[in-house]
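Understanding the architecture of this molecule
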Amino acid sequence: FDDNQIGTGSYQAMNICILAKYGNGGTIGDVPTTKCEGSTLRGRIASQVHWYGNCRKGNSREKNCCSNAELLQSGFDWNKFSKGNSCKGDSDTDRVLGKIQCEFGGGSAAGGSSGGSSGSYPAGSWAAR
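Residues numbered from 1 in each chain as written. Predicted model: local features only at pLDDT ≥ 70, side-chain atom pairs only at ≥ 80, totals over all residues. Heavy atoms only, no water.

A look at the overall build of the protein
- A tally of helices and strands in the protein yields one helix and five strands.
- Mapped from its N terminus to its C terminus, the protein presents α and β elements in the order α-β-β-β-β-β.
- Classification of the 129 residues of the protein by burial places 40% in the buried group.
- Looking at the protein alone, contacts between residues at least 24 apart form 66% of all its contacts between residues at least 6 apart.
- About 6,600 Å² of surface is accessible on the protein, with carbon and sulfur atoms providing 46% of the total. (Helix = DSSP H or I, 4+ residues; strand = E, 2+ residues; numbered from the N terminus. Buried < 20%, exposed > 50% of the residue type's maximum accessible area, 1.4 Å probe, protein only. Contact = heavy atoms within 4.5 Å. Areas by Shrake-Rupley, 256 points an atom, 1.4 Å probe, with all protein chains shown as cover.)

In structure tokens, the structure reads:
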């Protein structure tokens, strides 16, 4: 995952949480809150090719190629996001995401409530380390 645009409330952090909870192509029943956040393991892991996430939040033009453009919808395919540092794809490598903190607020894209959850993966919540 991209090391840019992973701060608190970024769509990329929220989308990674959706991916962790529902899997690729999953049906999203509970949306993450803006308390979701990620961080890198700078200097502890070599730079790697990554999915493109360094676009402006809300950039609907890049919703099909950038993991920070819009909040995912049910049935998404994460593999369609570009790799590198642009929608065209390139060989850019960066320090990548090392930790994700997720919180789900009990709502769904269709409305309603089902109770919230938060914490660190794998101990009962949705985080990648």
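Side note on the state of the cysteines
- Within this structure, the stated rule accounts for three disulfides.
- At a sulfur-sulfur separation of 1.9 Å, the disulfide partner of Cys17 is Cys102. Given an S-S torsion of about -90°, the disulfide between Cys17 and Cys102 has left-handed geometry. Pair noted here: Cys17 is in helix H1 (residues 11-22) and Cys102 is in strand S4 (residues 97-104), with a separation of 85 residues, a long-range link. Neither residue differs from the other here; Cys17 and Cys102 are each classed as buried.
- The connectivity of the disulfide bonds within the protein can be written as 1-6, 2-4, 3-5, using the sequence rank of each bonded cysteine.
- Just so you know, Cys36 is unpaired, no disulfide at all, and the nearest cysteine sulfur is the one on Cys17, 3.7 Å from it. (Disulfide = S-S within 2.5 Å.)

Topic: the nonpolar core
- Of all hydrophobic cores here, the largest spans 17 residues; its most connected members are Cys17, Cys36, Leu72, Phe76, Trp78, Ile100 and Cys102.
- The set of elements that each furnish at least two residues to this core consists of H1 and S4.
- It is H1 that provides the largest number of residues to this core, a total of six residues.
- Counting five residues, the second-largest nonpolar core is a separate cluster that includes Tyr52, Cys55, Cys65 and Ala69. (Core = buried A, V, L, I, M, F, W, Y, C linked by side-chain atoms within 4.5 Å.)

Overview of the pairing of strand S1 (residues 37-40)
- Side chains of S1 alternate between two faces, with Gly38 and Thr40 buried and Glu37 and Ser39 left unburied.
- Inspection of the sheet shows S1 paired to S4 by four bridges, in the antiparallel sense. By the bridge assignment for S4, Gly38 is matched with Ile100. (Pairing = 2+ DSSP bridges.)

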